[in-house]
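# Fold and contact review
Listed below, chain by chain, are the residues.
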Amino acid sequence: EVLRALVQGGGREARAPGLSPFRGLRPFQEQHADLFCGRDDEVGTVLELLREEPVLPVVGPSGAGKTSLVLAGVIPRLREQGQWTVLQLRPGDRPFNALAACITPALGDEEEPPDPTGTQDTQSLEQLTSATLRREIALEQQLLHQPQLLPLLLEQVAARRGGKVLLFVNQLEELFTLTSDVQTRRSFVQALTQGADDPG
């Protein structure tokens, strides 16, 4: 009976024509949640742990599906429970740059947003892009020298967006494999741990 329900759709939304459920080695993304299956127990465990633990490392061998678990399993279930803003980054070789680049848009633009009708001239769009880039660079430097600011910024994002914030640092090992400066590593870890001081 269970197999018959799955074959007949099993309550899942119909896939768009041509959309393969097989991602190969590419991780499932949030928009693939309806294709992601077989890990309900792990998703449930993560959700239960997140009730008590503000920092939750998801570890396992390369290719085990950690990213898919979070993006296509955990995040959609969190969204079912309430309003969540998800900030996602990979540290790369400039972790604070990556952090600033994901937080800046969530904080909102202080300047006029781009004109969706496309009538805004190219010069003003370039100025807006330049202003956004300047804000990201300034925030990167602030966080690098004052990692304790991260909780305040996450609180501002939560207040602005309404709801809770999930900061998903994917491929955290890049902090140690791509970032050569030890102080940057320490500051980034300090920012993450302090950013989780307030479970709310």
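In this report, we go over the structure that sits alongside the text. (Residues numbered from 1 in each chain as written. Predicted model: local features only at pLDDT ≥ 70, side-chain atom pairs only at ≥ 80, totals over all residues. Heavy atoms only, no water.)

So, about the overall build of the protein. Per the secondary structure count, the protein includes eight helices and two strands. Put simply, the protein runs from its N terminus to its C terminus through helices and strands in the order α-α-α-β-α-α-α-β-α-α. Counting only residues that meet the buried cut, the protein has 32% of its 200 residues in that class. Nonlocal contacts in the protein, meaning residues at least 24 apart in sequence, comprise 69% of its contacts between residues at least 6 apart. Only carbon and sulfur atoms are counted for the fraction: they give 52% of the accessible area of the protein, which is about 12,800 Å². (Helix = DSSP H or I, 4+ residues; strand = E, 2+ residues; numbered from the N terminus. Buried < 20%, exposed > 50% of the residue type's maximum accessible area, 1.4 Å probe, protein only. Contact = heavy atoms within 4.5 Å. Areas by Shrake-Rupley, 256 points an atom, 1.4 Å probe, with all protein chains shown as cover.)

Non-glycine residue Q171 carries a positive phi angle of around 60°. Here Q171 is to be found in the loop between β2 (164–169) and α7 (174–177).

Glancing now at the nonpolar core. Membership of the largest hydrophobic core comes to 20 residues, with the highest contact counts inside it found for L89, L99, I103, L143, L150 and F188. At the level of secondary structure, the elements contributing two or more residues to this core comprise β1 (84–89), α4 (95–107), α5 (122–145), α6 (150–161) and α8 (182–195). With residues near it in sequence (within four places) discarded, L99 still touches L89, L143, L150, L167 and F188. (Core = buried A, V, L, I, M, F, W, Y, C linked by side-chain atoms within 4.5 Å.)

Turning to the pattern of salt bridges, a few remarks are in order. With the rule as written, the count across this model stands at five salt bridges. One salt bridge in this structure joins E42 and R39, with 2.8 Å as the shortest N-O distance. Given the relative accessible area of 36%, E42 is considered partly exposed. (Salt bridge = Lys/Arg side-chain N within 4 Å of Asp/Glu carboxyl O.)

Keep in mind that these numbers describe shape and distance, not what the molecule does.
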